[in-house]
Amino acid sequence: MSAFSAIGEGKEIDRNDYTPGLEPQATWCPGCGDFGVLKALKGAAAELGKSPDEMLLVTGIGCSGKLNSYFESYGFHTIHGRSLPVARAAKLANPGLQVVAAGGDGDGYGIGGNHFMHSARENHDMTYIVFNNEIFGLTKGQTSPTSPMGHKSKTQPHGSAKQPLRPLSLSLTSGASYIARTAAVNPNQAKDIIVEAMEHDGFSHVDFLTQCPTWNKDARQYVPYVDIQDSEDYEFDNTDRREAAEMMHETEDALHEGTVLTGRYYVDSDRPSYQQEKQQIGEMPEEPLAERYFDDSYEWERSYDNFLDKHK
Amino acid sequence: MTNDELIWRIAGGSGDGIASTSQNFAKALMRSGLNVFTHRHYPSRIRGGHTYTEIRASADPVKSRGDGYNFLLALGDSFARNPQQNAYYGNEEIKPLSENLDELREGGVIIYDSGLLDASEIEDFDERVEENDWHVYDLDLRTMAREHGREVMRNTAGVGATCALAGIDLEWIEELMTDAMPEKILEPNLEILHEAYEMVESEYDVDAHDVKIPEGEHDEEQVLMSGSDAIAYGAIDEGCRFIAGYPMTPWTEVFTIMSQNLPELGGISEQVEDEIAAAALALGASHAGVKAMSGSSGGGFALMSEPLGLAEMTETPVVLIEAMRAGPSTGMPTKPEQGDLEHVLYTSQGDSHRIVFAPGTVAEAYTQTRKAFQIAYEYQIPSIVLYDQKLGGELVNVPASHFDEEPNPSLGSTLTEAEIADAPHDDSGKFSRFSYDTPEDNGVAPRSIPGQKGGRFLATGNEHMPEGHISEDPENRVFQMNKRMRKLEAIREELDGEVVNNSEYGEEDAQYGFLTFGSQQGTVEEAVDRLNEDGHSVKMLGVSEMAPYPVEQVSEFIESVDEVLVVEMNASAQFRGLTQKEVGRYGDKLSSLLKYNGNPFEPQDIVEGFEVNIVENDDHPHTRTKYVPAAGD
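Being a predicted model, the structure only gives us computed values, none of them experimental.

Draft legend 1. Structural context of the overall build of chain A. Within chain A one finds eleven helices and ten strands. The C-alpha radius of gyration of chain A comes to 21 Å, within 12% of the 20 Å expected for a compact globule of 312 residues. A buried classification covers 61% of the 312 residues belonging to chain A. Residue pairs at least 24 apart in sequence account for 72% of intrachain contacts in chain A once pairs closer than 6 positions are excluded. On chain A, roughly 12,600 Å² of surface is accessible, and the fraction owed to carbon and sulfur atoms is 47%. Seen as two clouds, the 28 positive and the 47 negative side-chain charges of chain A have centres 9 Å apart.

Written out as structure tokens, the structure is:
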């Protein structure tokens with residue numbers, strides 16, 4: 001019998017099962033877009049029938065990191081920018097876990113940018129949700145990697161002289177195999193996209209536009225948005241890399257002109273996940289590694305029997 | 001410094017096969033029944049540059065490289081000869097001969113490859129030879145190798161010539177070559193070996209000198225092992241099946257051994273984007289229920305400061321390996337130093353704690369790596385194995401039985417699903433992962449693993465309540481901090497109750513003491529023997545538990561002697577500082593012997609340091625420090 005019986009349990013799950021019994025210490029302001037992520041994630045987890053005990057939610061630092069306080073599951077609230085390496089190792093250790101990592105635009109695209117690039121490149125089978133509000137919220141409103149050019153803040157009083165980072169294009173170039181953008185203002189689309197992302201076998205990246213009513217009053221708070229899959233104006237094949245890239249460029253240009261485009265930008269269902277690749281070359285066990293530590297009948301190999309001959 | 005030992009130095013350019021040849025030669029000597037100790041010296045360069053390996057072989061136990069050496073095989077730096085690279089490398093081809101003369105003992109033997117080297121390029125060579133009574137054999141090894149195989153095989157020719165001159169039975173070398181080489185290159189190598197041996201025997205008087213191989217016998221089977229091997233095997237035997245890392249000298253050796261072996265054992269090795277990621281991956285794997293490790297050297301370990309603190313706050317077990325090299329910054333990548341002690345003890349913010357072991361020998365590197373895992377997983381705290389380039393790279397013989405230990409895959413204080421139900425829960429019914437009430441009163445609340453039913457909790461680097469949620473409640477803060485600190489006392493108690501890791505050596509009621517840590521232990525032991533033979537009265541305590549510090553044992557040691565000389569390889573006396581901080585007194589009893597020129601201590605350095613600091617200097621307190629340069633540095 002599995003030592004992790006919550007995995008694949010498949011019982012009837014309600015979204016309330018993901019609500020902690022205790023009142024978390026409040027971090028999110030009234031009207032915060034982060035509530036939209038929470039709502040979508042709860043809805044998605046319930047729809048997929050994942051039990052809170054088989055989910056591991058790994059977060060970084062900032063308002064986004066507090067998602068763990070509002071969402072009931074196994075959790076690891078790590079440090080600024082480091083959610084991805086923690087999450088992907090947990091998935092390698094126990095592939096049965098439903099692993100979701102989450103962080104903000106500063107956390108994920110700034111300090112954690114290197115991990116983002118490499119996690120996407122390796123195509124780990126996990127979901128990465130980035131709360132993108134174009135601002136540092138918890139440290140009180142500084143310019144972030146996605147803030148538009150000219151954005152004024154206390155740390156950039158003359159306005160930012162930097163181009164905003166383009167998360168969708170960066171993700172595609174880095175190698176993510178599922179890339180979507182959604183917004184807190186459309187919880188239904190958001191939920192559907194997170195369901196797809198969690199089901200996707202590979203690195204799924206969701207750039208989640210979250211309004212910040214406290215620190216980003218000037219921003220176009222992502223309204224009105226357009227769902228590119230619903231609109232006849234934006235026909236393209238999102239399984240084609242080049243068409244996806246072009247559409248991403250258009251979307252990223254448009255955001256700074258006031259048009260909020262959302263939807264599924266790139267879906268590659270054929271590429272094997274990192275775990276599969278690693279198994280294929282014989283560098284990862286078939287059975288979950290973590291199970292072995294609870295299996296009393298497993299025979300552990302030791303150096304004396306395996307390696308000492310070559311030292312004799 | 002008698003003739004009952006052979007210290008053979010093979011010198012050449014990096015990439016000339018010095019390391020592999022010396023490794024095989026050392027193994028052959030070990031198989032013949034001798035004790036061996038190798039010392040590697042190499043530049044931070046891939047091809048060319050002055051490199052050598054020294055093998056000390058004796059029937060008696062050998063604990064360090066010894067002072068100087070008595071047999072030189074100088075092969076020539078073939079890469080320095082490449083005319084296309086002259087502009088970059090400069091004219092260095094004579095270095096394998098010229099650079100090694102200072103440490104060659106009187107009466108020593110020199111073989112040099114006259115196919116590549118020209119001794120007349122060295123000023124005063126003949127005078128020095130005469131002055132030191134050296135026996136010089138200029139052999140065209142290069143041509144010999146070319147005629148029978150390929151030029152690179154001149155190493156083998158050199159070994160053949162060495163055997164003839166030192167009286168080593170070829171049988172041991174042949175057997176090893178047969179084991180190690182594929183058919184295609186074995187044949188020409190054996191030919192070259194014999195050709196060189198016979199040529200020397202027939203054309204030279206091999207008894208003109210008295211540098212000969214001693215005879216010895218082992219009473220049990222031996223293995224030739226480096227500190228890096230021992231650390232990797234210790235981890236494997238302790239059930240570690242996940243490693244994440246980023247290459248950095250000299251830590252790369254442990255990382256490589258693990259990466260090459262883990263997949264066959266059903267484990268996982270990950271080479272990742274940087275050291276922050278590496279340590280974070282180890283945390284993620286450990287959180288998910290696997291015994292995991294990471295590691296680096298000074299500069300890479302600096303990046304691990306963040307995940308290290310996170311491991312302590314979230315009480316996630318993890319083992320980090322720290323291989324010291326000379327710093328600050330990138331320092332001297334291939335040279336040993338013990339300058340990262342304070343870095344490893346104090347890095348990371350806040351009241352953070354970690355367990356630090358600093359093994360003194362290859363054998364200890366194995367046992368203490370295992371202990372590091374046991375402590376980490378039992379007490380849910382990061383533990384570190386701190387060693388240096390010297391210990392990592394030196395090959396010594398260790399009885400094979402030392403590794404004949406049962407594996408230990410236990411995850412320590414981790415619950416099964418059945419046990420979770422009986423574990424503490426809070427008022428809301430949630431599992432109290434960070435409960436104040438710990439079963440053993442040692443600060444350890446057993447943990448659950450994601451995927452287990454009913455064990456949900458949040459691990460967070462913020463201060464948190466028993467079930468894991470973030471809290472700034474002052475009362476909880478004090479409880480949690482005390483809980484984490486209680487572990488340290490419990491660990492100290494556990495270590496005190498064990499077969500002592502910290503090695504004492506010498507006369508029990510000696511007048512003077514040496515205190516050292518890590519890789520210098522064997523060298524100091526040898527110096528202790530020599531001083532006692534010379535009529536002094538000394539002993540040594542080699543400390544290998546850096547944190548929590550063995551206060552009681554060290555205090556007793558210091559109290560038992562008149563004065564203590566603290567021996568360490570760094571410029572700021574970090575170990576002495578730690579000792580004084582921890583024992584809180586005896587400051588006027590301690591003085592320092594420091595070496596930080598990139599080479600480890602030789603026994604003679606310590607003997608001299610003792611004479612200067614203790615014997616000749618009557619003034620108290622002896623708090624000054626002394627730097628001892630090795631001969632020829």
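So, next bit.
Draft legend 2. Just the interface of chain B and chain A, in detail. Between chain B and chain A, the residue contacts involve 82 residues of the former and 62 residues of the latter. Both sides together, the interface formed by chain B and chain A hides about 5,800 Å², and carbon and sulfur atoms give 59% of it. Three residues stand out in chain B for area buried against chain A, namely Ile268, Glu273 and Arg456 of chain B, and they jointly supply 11% of the buried area on that side. Here chain B and chain A share eight salt bridges between them. For Glu72 of chain A, the salt bridge goes to Arg456 of chain B, with nearest N and O atoms at 2.7 Å. Summed over the shared surface of chain B and chain A, the result is 34 residue pairs in polar contact (both at pLDDT 80 or more).

Draft legend 3. Layout of the sheet that holds strand S9 (residues 268–271) of chain B. Residues and elements named next belong to chain B. Sheet architecture is open: seven strands sit in the order S9-S8-S10-S11-S13-S12-S19, paired in mixed fashion. Two strands in the sheet have a free side with no partner beyond their single neighbour: S9 and strand S19 (545–547). Averaged over all pairs of adjacent strands, the angle between strand axes in this sheet comes to 20 degrees, irrespective of strand direction. By the bridge criterion, three bridges tie strand S12 (residues 355–357) to strand S13 (residues 382–388) in an arrangement that is parallel. Note on S13: the bridge partner recorded for Val356 is Ile384.

Draft legend 4. Region of the structure containing the packing of helix H11 (residues 275–287) of chain B against helix H13 (residues 305–314) of chain B. All names here are of chain B. In contact at an axis separation of 8 Å, H11 and H13 are set at 20 degrees when each is read in the N-to-C sense. Considered as vectors, H11 and H13 are oriented roughly parallel to each other. Taken as a pair, H11 and H13 cross one another with a handedness that is right-handed. Contacts between H11 and H13 involve Ile276, Ala279, Ala280 and Leu283 on the former and, on the latter, Glu306, Pro307, Leu310 and Ala311.

Draft legend 5. Local environment of helix H7 (residues 170–180) of chain B. All names here are of chain B. All of the buried residues along H7 are Leu170, Ile173, Leu176 and Met177. In an axial view of H7, the angular spread of the buried residues amounts to 130 degrees, which keeps them on one side of the axis. On the buried face of H7, the contacting elements are helix H1 (18–31), helix H6 (154–166) and helix H8 (183–203).

Draft legend 6. The arrangement of the packing of helix H15 (residues 362–379) of chain B against helix H18 (residues 474–496) of chain B in detail. Residues and elements named next belong to chain B. It is the contact of H15 with H18, at a shortest axis distance of 11 Å, that shows an interaxial angle of 140 degrees. Put simply, H15 runs oblique to H18. The handedness of the crossing between H15 and H18 is right-handed. Where H15 abuts H18, its residues Lys371, Ile375 and Tyr379 lie against Lys487, Ala490, Ile491, Glu494 and Leu495. Here the residues of the contact of H15 with H18 sort into five nonpolar, no polar and three charged.

Analysis parameters
Residues numbered from 1 in each chain as written. Chains lettered and ligands numbered in written order. Predicted model: local features only at pLDDT ≥ 70, side-chain atom pairs only at ≥ 80, totals over all residues. Heavy atoms only, no water. Helix = DSSP H or I, 4+ residues; strand = E, 2+ residues; numbered from the N terminus. Rg over C-alpha atoms; globule rule 2.2 N^0.38 Å. Buried < 20%, exposed > 50% of the residue type's maximum accessible area, 1.4 Å probe, protein only. Contact = heavy atoms within 4.5 Å. Areas by Shrake-Rupley, 256 points an atom, 1.4 Å probe, with all protein chains shown as cover. Lys, Arg positive; Asp, Glu negative; His and termini not counted. Charge placed at Lys NZ, Arg CZ, Asp CG, Glu CD. Buried area = accessible area lost by both parts, 1.4 Å probe. Salt bridge = Lys/Arg side-chain N within 4 Å of Asp/Glu carboxyl O. Polar contact = N/O pair within 3.5 Å; in protein donor to acceptor, adjacent residues only side chain to side chain. Pairing = 2+ DSSP bridges. Axes fitted to C-alpha atoms, helices over the stretch in contact; angles between N-to-C directions. Parallel < 35°, antiparallel > 145°, perpendicular 65-115°, else oblique. Left-handed = near helix turned anticlockwise from the far one by under 90°. Arc of directions from axis to C-beta. Nonpolar A, V, L, I, M, F, W, Y, C, P; charged D, E, K, R; others polar.

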